[in-house]
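Listed below are the residues making up each chain.
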Amino acid sequence: MFKIIQLWNPPNWGALPPFSSVGRSRRIQYNSTHYQRFFRTIKLRKLPMSQEPFYLLVRADDIGFSHAGNLACIDVFTKGICRSVELMAPCPWFPEAVKLLHQHRDYDVGVHLTLTSEWENYKWRPLTAAKSLANADGYCYQMYRKNKNYPDAVNMEDTDWSPEELETEFRAQIEMVLKHVPWASHLTTHMGGLRDDPRWKGVIDKLTAEYNLEVDLQPFGIERFRPFGDNNQALLPEEKVEAMRKGLAELAPGRWIHVDHPAYDVPETRAIHHVGYEGVAVDRQGVVDAWTDPEVLSMIEQRGIQLISYGDVKRGIFG
């Protein structure tokens with residue numbers, strides 16, 4: 001048996017022209033007279049499936065932050081490759097997210113602890129009366145740390161925040177999620193938090209153990225899979241799709257995790273942005289397209305890649 005594949009090496013991966021169509025043969029055609037792509041088609045013998053298994057944990061962050069994000073986070077599970085989703089309790093679309101998740105109770109959910117409100121056009125607040133965790137207007141701080149795009153902003157790291165109030169707030173967020181989504185299996189933090197601060201780490205470790213939300217991936221040798229590269233926000237949706245296909249084609253057997261933020265490119269999402277990240281809608285639409293692409297789904301099946309969740313790891317899939 002032989003398999004026809006396409007090999008290509010674009011000179012500038014971050015500046016590809018738009019696609020006109022992507023067929024099942026993976027031949028890519030372009031509607032541009034300014035660019036040309038040269039492909040070479042070769043015949044390769046079909047190799048036997050590796051005896052070493054593939055595992056891929058695909059995680060969607062930020063369900064609850066917007067309506068378009070909620071719908072996308074569900075669709076990448078029901079129609080795509082995502083198996084874990086991170087829920088933000090303080091955000092305005094949390095109630096809708098809960099309703100949607102109850103329609104898909106086999107979807108693995110994580111508590112996404114949230115203490116920054118980074119967007120310019122809308123904000124959220126802590127669930128508790130935690131004055132040390134909020135700015136002068138009562139909103140969560142925009143960033144945890146100094147950001148070059150906001151040189152004059154007050155960031156949480158620069159304030160005299162209270163570890164006691166942090167514990168109270170994070171406890172409230174955990175209990176809010178568990179009240180409405182009792183099958184939540186694990187805990188993560190939005191935008192990383194201040195994890196190098198021992199006071200912060202102490203609170204996180206305490207609550208993770210207390211609520212049995214610890215799923216440590218490191219002992220199992222799970223590595224980051226980054227098909228979109230370091231400049232992922234610059235890729236158009238069609239470029240993300242092709243990058244995902246290429247990444248999966250080259251993925252070695254092993255245990256991998258891929259994390260991103262799906263949302264639909266609609267007026268709501270186009271109004272969500274901050275300096276340095278203006279293309280939120282296009283960026284996140286690309287995630288949806290890549291994770292639900294029929295060819296990506298086919299490649300997952302053909303290569304024998306097992307899609308897993310944090311819950312699967314917690315239940316002992318690796319022993």
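Relevant structure appears above.
None of the values given here were measured: they were computed from a predicted structure. (Residues numbered from 1 in each chain as written. Predicted model: local features only at pLDDT ≥ 70, side-chain atom pairs only at ≥ 80, totals over all residues. Heavy atoms only, no water.)

Bringing the overall build of the protein into the picture now. A count of helices and strands for the protein gives nine helices and 11 strands. Burial status across the protein gives 52% buried among its 319 residues. Long-range contacts, defined here as pairs at least 24 residues apart, represent 76% of the contacts in the protein between residues at least 6 apart. With an accessible surface of roughly 15,800 Å², the protein has 51% of that area assigned to carbon and sulfur atoms. (Helix = DSSP H or I, 4+ residues; strand = E, 2+ residues; numbered from the N terminus. Buried < 20%, exposed > 50% of the residue type's maximum accessible area, 1.4 Å probe, protein only. Contact = heavy atoms within 4.5 Å. Areas by Shrake-Rupley, 256 points an atom, 1.4 Å probe, with all protein chains shown as cover.)

Attention now goes to the nonpolar core. In this structure, Leu101, Met156, Trp200, Leu248 and Trp291 are the most contacted members of the largest nonpolar core, which totals 74 residues. Other than its neighbours up to four places away in sequence, tryptophan 200 contacts Leu115, Tyr144, Met156, Trp161, Leu166, Phe170, Thr189, Gly193, Leu194 and Arg195. Leu57, Leu217, Ile222 and Ile257 belong to the second-largest nonpolar core, a separate cluster that totals 11 residues. (Core = buried A, V, L, I, M, F, W, Y, C linked by side-chain atoms within 4.5 Å.)

This paragraph deals with the state of the cysteines. If you walk through the whole model with that rule in mind, you get zero disulfides. For the unlinked cysteine cysteine 82, the closest cysteine sulfur is that of cysteine 73, found at 7.0 Å. (Disulfide = S-S within 2.5 Å.)

Another point: the side chain of threonine 114. Here threonine 114 is to be found in the loop between β7 (108-113) and α3 (163-180). Of the polar contacts made by the side chain of threonine 114, one reaches the backbone oxygen of histidine 112; its length is 2.7 Å. Leave out the neighbours within four places in its chain, and threonine 114 touches Met88, Pro90, Trp124, Tyr144, Phe170, Gln173 and His190. (Polar contact = N/O pair within 3.5 Å; in protein donor to acceptor, adjacent residues only side chain to side chain.)

Attention shifts here to the environment of valine 241. Summarising the element assignment, valine 241 is placed in helix α5 (residues 237-250). We classify valine 241 as buried; its relative accessible area is 11%. Sequence separation between valine 241 and alanine 290 is 49 residues, and the spatial gap between their C-alpha atoms is 4.2 Å. What valine 241 contacts, discounting residues up to four positions off in sequence, is Asp289, Ala290 and Asp293.

Moving on: the packing of helix α1 (residues 67-78) against helix α2 (residues 94-102). The N-to-C vectors of α1 and α2 enclose an angle of 15 degrees; their axes lie 10 Å apart at closest approach. One way to sum up the angle between α1 and α2 is to call them roughly parallel. Relative to α2, α1 is oriented so that their crossing is right-handed. Contact with α1, carried on its side by His67, Asn70, Leu71 and Ile74, involves Glu96, Ala97, Leu100 and Leu101 of α2 and no other residues of that element. (Axes fitted to C-alpha atoms, helices over the stretch in contact; angles between N-to-C directions. Parallel < 35°, antiparallel > 145°, perpendicular 65-115°, else oblique. Left-handed = near helix turned anticlockwise from the far one by under 90°.)

Next up on the list: the pattern of salt bridges. One pass over the full model with this rule turns up 16 salt bridges. Where arginine 284 meets aspartate 62, a salt bridge forms, and the shortest distance between an N and an O atom there is 3.9 Å. Residue arginine 284 is found in helix α7 (residues 280-291), and its partner aspartate 62 is found in strand β5 (residues 54-63); the two are separated by 222 residues along the sequence. The exposure class of arginine 284 is buried, given its relative accessible area of 4%. Aspartate 312 is paired through a salt bridge with arginine 315; the nearest N and O atoms lie 2.9 Å apart. Arginine 315 sits in the exposed class, given a relative accessible area of 64%. (Salt bridge = Lys/Arg side-chain N within 4 Å of Asp/Glu carboxyl O.)

Remark: a regular strand shows side chains that alternate across the two faces of the sheet. In strand β8 (residues 186-189), alternate side chains face the same way, and those of His186 and Thr188 on one face and Leu187 and Thr189 on the other are all buried. In terms of strand pairing, β7 meets β8 through four bridges, oriented parallel. Paired with valine 111 across the strands is leucine 187, a residue of β8. Considered for its hand, the β-α-β crossover made up of β7, α3 and β8 is right-handed. (Pairing = 2+ DSSP bridges. Right-handed = clockwise from strand over helix to strand, strands pointing away.)

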